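Secondary and tertiary structure notes
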Amino acid sequence: MQYTKILNINEKNDILKAINLLKTGHVVALPTETVYGLAADGNNDKAIEKIFIAKNRPTTNPLILHLSDLSKLDMWADNIPAELYKLAEHFWPGPLTFLLHKKTDVSNLITAGSSKIAVRIPRNEVFRHIIRESGDGLVAPSANLYTKISPTSADHVLCSLNCRISAILDGGPCNVGIESTILDLTSKEPTILRTGPITAQKIEKILGIKIKMPAKHFEHVPGNVKRHYQPNTKTQMMNIDQINSYIALSSSKNKNIGILHYSDLETYYDRLFYIRASAIKETYARDLYKHLHFLDQKEFDEIIIESPPQDDEWLDILDRLRKAVAS
Ligand code: TXA
Ligand code: MG
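The paragraphs below set out a description of the structure included in this document. (Residues numbered from 1 in each chain as written. Chains lettered and ligands numbered in written order. Predicted model: local features only at pLDDT ≥ 70, side-chain atom pairs only at ≥ 80, totals over all residues. Heavy atoms only, no water.)

1. With respect to the sheet that holds strand S13 (residues 257–261)
Pairing is parallel in the open sheet, where 4 strands are placed in the order S12-S15-S13-S14. At either end of the open sheet lies a strand with only one pairing partner, and these are strand S12 (234–238) and strand S14 (273–276). For this sheet, the mean inter-axis angle between neighbouring strands, taken without regard to orientation, is 20°. With 4 bridges joining them, S13 and S14 adopt parallel strand pairing. Paired with Gly-258 across the two strands is Phe-273, which belongs to S14. Its contacts with the sheet place helix H9 (residues 281–297) against S13, S14 and strand S15 (302–306), and it is angled at close to 180° to S13. (Pairing = 2+ DSSP bridges. Helix = DSSP H or I, 4+ residues; strand = E, 2+ residues; numbered from the N terminus. Axes fitted to C-alpha atoms, helices over the stretch in contact; angles between N-to-C directions. Contact = heavy atoms within 4.5 Å.)

2. Concerning unusual backbone geometry
Cis geometry is adopted by the peptide bond preceding Pro-93, which originates at Trp-92 and carries an omega value of -5°. Relative to the assigned elements, Pro-93 resides in the loop between helix H3 (82–91) and strand S6 (96–102). The backbone of Asn-79 sits at a positive phi, close to 50°, despite the residue not being glycine. By the secondary structure assignment, Asn-79 is in the loop between strand S5 (77–78) and H3. Note on Asn-79: relative accessible area 63%, which makes it exposed. Even without being a glycine, Thr-147 presents a positive backbone phi close to 70°. In this structure, Thr-147 sits in the loop between strand S8 (138–139) and helix H6 (154–161). (Buried < 20%, exposed > 50% of the residue type's maximum accessible area, 1.4 Å probe, protein only.)

3. Notes on the packing of aromatic side chains
Applying the stated criterion across every chain yields a total of 8 aromatic pairs. Ring centres of Trp-92 and Phe-98 lie 5.0 Å apart, and the angle between their planes is 65°; on these two criteria the pair is classed as edge-to-face. This pair shows no difference in class: Trp-92 is buried, exactly as Phe-98 is. Pairwise contacts between aromatic rings join Tyr-262, Tyr-284 and Trp-314 into one cluster. (Phe/Tyr/Trp six-rings, centres within 6.5 Å; stacked < 30°, edge-to-face > 60°.)

4. Some remarks on the side chain of Arg-320
Checked against the element boundaries, Arg-320 lands in helix H10 (residues 315–325). Looking at Arg-320, the relative accessible area reads 1%, which means it is buried. Polar contacts involving the side chain of Arg-320 include one to the main-chain carbonyl oxygen of Thr-195, which spans 2.8 Å. Discounting residues that sit within four places of it in the chain, Arg-320 has contacts with Ile-178, Glu-179, Ser-180, Arg-194, Thr-195, Gly-196, Tyr-229 and Tyr-289. (Polar contact = N/O pair within 3.5 Å; in protein donor to acceptor, adjacent residues only side chain to side chain.)

5. What to know about the pattern of salt bridges
Under the counting rule described, the total for this entry stands at 14 salt bridges. The partner of Glu-189 in a salt bridge is Lys-212, with the nearest N and O atoms 3.6 Å apart. Here the residue Glu-189 occupies a position in the loop between strand S10 (181–184) and strand S11 (191–194), and Lys-212 occupies one in the loop between helix H7 (200–207) and S12, the gap between them amounting to 23 residues. With a relative accessible area of 45%, Glu-189 lands in the partly exposed category. A salt bridge links Arg-276 to Asp-264, with the nearest nitrogen and oxygen atoms 2.8 Å apart. (Salt bridge = Lys/Arg side-chain N within 4 Å of Asp/Glu carboxyl O.)

In structure tokens form, the structure reads like this:
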């Protein structure tokens, strides 16, 4: 494969190039509000296969279908429940993915053989324009190598997928920064399969019913695996007291350590490298993968991440970080 082309979202011609590549069965990384997605035509199995190859991703891990607008939904999904329309009114376009019953003719490659399909309408207008112009729907997982840190900039995509994909449409940094919430609407009780920016509380407020959330949903769905979002560097999560004690230890003196924290530390040692993250959830989420990519590229001996606040609003951050440090 040749070098990956970098296309600019502000150039009409570049957007046309992205559309043409997708129409002719290539894969292109596109910006969404959550993370960059690696897109392919949902009606073209040969193109979809390229996603799994480029990412080194097992085909047992299903893909999210991205639509331009609600009117296309019944081409892909069956028995769409009323809850979807209620929630779509509030949260689409946006970082909420629904699991629905799929239409029988939808490719099994998208759903990993399941009779259910995950669907969302992304907020990025250019992405939606590209979907409209390139076919009926684009499947897109995050544009990173399997189990590695998700990309929130074109540079992050290039770091892991250069020469493995045809092009990246550079749309600047993603402003939500963390993957969509996945809500299963196929069971009697709506259930969150992956926590994300749209919290259970926000959904409950619209539906007026309790949303189920399995406390531990590792491997609850295919692809929802224990190790994910991982830096190459050894990474640990600790609370602020543990960090204070750990970096004061003489055994940490000979190590190059990068620390991602949002609380005050007792002592700041010149020998260590610190990134002060925001204590505001939305800002923390927006910058998390950027910080992890940065720390990983520094090739420290270790990365230490302060554990997030024990608060429902931060559950998605806790989920991503647990998987990032899992061994
Ligand atoms: O924000 C996002 O959701 C981003 C952007 C690009 O839209 N996409 C994303 O895709 O995070 P990915 O492939 O990295 O994660 C999607 C996860 C899969 O790992 C799987 O757990 C779940 O969604 N999923 C997709 N289709 C499914 C299905 N049919 N049944 C169960 N789980 C599914
Ligand atoms: Mg992913």
